[in-house]
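Listed here are the chains, written in short residue letters.
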Amino acid sequence: MTVGKEIPRLSVRGLQVAFRAGKDWVTVVDDVSFSVQGSEVLGLVGESGSGKSLSCLAVMGLAGDSGARIRKGSIQLDGVELVGLSERELENRRGNEIAMVFQEPMTSLNPAFTIGDQIGEVLRRHRSMPRKQARAAAIAVLDRVGIPDATRRVGAYPFEFSGGMQQRAMIAMAIACEPSVLIADEATTALDVTVQAQILDLLRDMRAQLDMAIVFVTHNMGVVADICDRVAVMYAGQIVEEADVRTLFRNPRHPYTEGLLRCTPRLSGRADRLPVIPGSTPLPAEFATGCRFGERCSYHSASCDEPVPLTLSHKDSQVRCVRSAELTLGGGVS
Ligand SMILES: Nc1ncnc2c1ncn2[C@@H]1O[C@H](COP(=O)(O)OP(=O)(O)O)[C@@H](O)[C@H]1O
Ligand SMILES: [Mg+2]
């Protein structure tokens, strides 16, 4: 990990993403800011529907594919502003300087083409490699991500790979051009724990070998503890807390983070008595003007009904809770 004061690899500031609903816009991602430096791994965590994927798609310039639009904010990749770039300019950066691995392999792997053709295509487009050279480079990158017998497997179709191998193939495709930022969106969620651990090891290796920063999206706090250096917690389209992983686990500052940690199974704990946070995530059209977690929060008071900005809590940490300083919250995992 290198965390310095250099220009962040990726810097997202005040990102707002909305969908059109009739004449109106429904804001789904609101005032999201985060950055990654050097080769650090930033975890983006939160319950399903909190806006993690949409934030990542916006960063990739792909939010429009699902009908959403960036309404406000800045996204800088190695100091270059991406918001406002043409589709062609974004395409040049996608897969080249920034790449994404999706939860579902079939979101990026085309069942009709061989794995080698699909990785080769990325290299031919961004590196202008002739076909033969692209094939050799595809074998090298498959080998790098731990696909056994890559020379033979390069000619396989996605269905001939197991789930873990498909995930490796997607990682191969994503890192083929050695991007400076990799976004992994629930990339290990669908895998069983053994394969998940292998993929986390692979991501750690690739991060070190390629000096690449990773935005690791998950709803699994155990995985966060395993791979992340820093964590940003999302709730209802906003970041509610950001801190280094140790601080966040030991000393959460937001009641929602405390709730997430309490719901994380401990190795020594009794899994049959895992608590849940009562209530459910509000729908975007129903976000409160004050704290969006307010209606589920056991520390709610009248002061929580005004809009809450994200503020610096202690060294390098931020929190979106007006009561943060007066609350004593507990970590879930030591
Ligand atoms: N195409 C769409 N049209 C309208 N709303 C959408 C669309 N896609 C996602 N959403 C809404 O955006 C919110 C965030 O979704 P998403 O970013 O996928 O969450 P997460 O990845 O955290 O589970 C959800 O409330 C979801 O219902
Ligand atoms: Mg998602």
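Naming follows an unreviewed UniProt entry, where the protein chain appears as ATP-binding cassette domain-containing protein of Amycolatopsis pithecellobii. On record in UniProt, under Sequence similarities (unreviewed entry), the comment for the protein chain is "Belongs to the ABC transporter superfamily."

**A short note on the UniProt feature "domain: ABC transporter" (unreviewed entry) in the protein chain**
This chain's UniProt record puts "domain: ABC transporter" (unreviewed entry) on residues 12-261. Secondary structure content for residues 12-261 is 41% helix and 27% strand, and the end C-alpha separation is 26 Å.

**Quick notes on the pairing of strand β3 (residues 41-45)**
In terms of burial, β3 is a largely internal element, five of the five residues being buried. Side chains Val41, Gly43 and Val45 project from β3 onto one buried face, and the interleaved Leu42 and Leu44 project onto a second face that is buried too. As judged from the five bridges shared by β3 and strand β8 (residues 213-218), these two strands associate in the parallel manner. Paired with Leu42 across the two strands is Val215, which belongs to β8. Relative to strand β9 (residues 230-235), β3 runs parallel, the two sharing four bridges. By the bridge assignment for β9, Leu42 is matched with Arg230.

**So, the site of ligand 1**
All residues adjacent to ligand 1 are Phe19, Val28, Glu47, Ser48, Gly49, Ser50, Gly51, Lys52, Ser53, Leu54, Ser66 and Pro284. Contact distances for ligand 1 include 2.8 Å between an oxygen atom and a backbone N or O atom of Leu54. Ser66 places a main-chain nitrogen or oxygen 3.1 Å from a nitrogen atom of ligand 1. Here ligand 1, which alone exposes 570 Å², has 62% of that area covered by the protein. Counting residues per element, the shell around ligand 1 draws most heavily on helix α1 (residues 52-60), at three residues. Its residues placed into classes, the shell around ligand 1 shows four nonpolar, six polar and two charged.

**Digging into the sheet that holds strand β12 (residues 318-319)**
With mixed pairing, eight strands are arranged side by side in an open sheet as β6-β7-β8-β3-β9-β10-β12-β11. Sheet topology places β6 (98-101) and β11 (311-312) at the edges, where each strand pairs with a single neighbour. In terms of strand pairing, β9 meets strand β10 (residues 238-244) through six bridges, oriented antiparallel. Its bridge partner being in β10, Arg230 is matched across the sheet by Asp244. Of the strands in this sheet, β3, β6, β7 (181-185), β8 and β9 are in contact with α1, which crosses β6 at around 150 degrees. The strands touched by helix α11 (residues 255-262) within the sheet are β3, β9 and β10, with β9 carrying the most contacts at an inclination of about 105 degrees.

**With respect to the sheet that holds strand β5 (residues 80-81)**
Spatial strand order, β2-β1-β4-β5: four strands in an open sheet with antiparallel pairing. Strands with a single pairing partner mark the edges of an open sheet, and in this sheet they are β2 (24-36) and β5. Here α1 sits on the sheet and contacts β1 (10-21), β2 and β4 (68-77); the angle it forms with β1, its principal contact strand, is near 110 degrees.

Criteria and cut-off values
Per-chain numbering applies: the sequence of each chain, read as written, is numbered from 1 onward. Starting at A for chains and at 1 for ligands, labels are handed out in the order in which the entities are written. Confidence filtering applies because this is a predicted model: local features only for residues at pLDDT of at least 70, side-chain atom pairs given and counted only at 80 or more, and all residues used for totals across whole chains, interfaces and linings. The side-chain numbers reported here are obtained from all heavy atoms of the structure, hydrogens and water having been left aside. UniProt positions are given in the numbering used here, feature names are shortened, and annotations may be inferred rather than shown by experiment. For the purposes of this entry, the term helix denotes a DSSP run of H or I that reaches at least four residues, the term strand denotes a run of E that reaches at least two, and both are numbered from the N terminus. Whether a residue is buried, partly exposed or exposed follows from its accessible area with a 1.4 Å probe, protein chains only, as a fraction of its type maximum: under 20%, in between, or over 50%, in that order. Two strands pair if DSSP finds at least two bridges between them. Being near a molecule or strand, for a residue, comes down to having at least one heavy atom within 4 Å of it. Contacts described as polar in this section are N or O atom pairs within 3.5 Å, which, within protein, must combine one atom able to donate a hydrogen with one able to accept it, while residues neighboring in sequence count only if both atoms come from side chains. Under the convention used here, a 1.4 Å probe and the Shrake-Rupley method define accessible areas, while residue burial counts only the protein chains that appear. For this classification, Asp, Glu, Lys and Arg are treated as charged, while Ala, Val, Leu, Ile, Met, Phe, Trp, Tyr, Cys and Pro are nonpolar and the rest, including Gly, are polar. We call two residues in contact when some of their heavy atoms are within 4.5 Å. The angle between two axes is taken between their N-to-C directions and runs from 0 to 180 degrees, where each axis is a line fitted to C-alpha atoms and a helix contributes only its stretch in contact.

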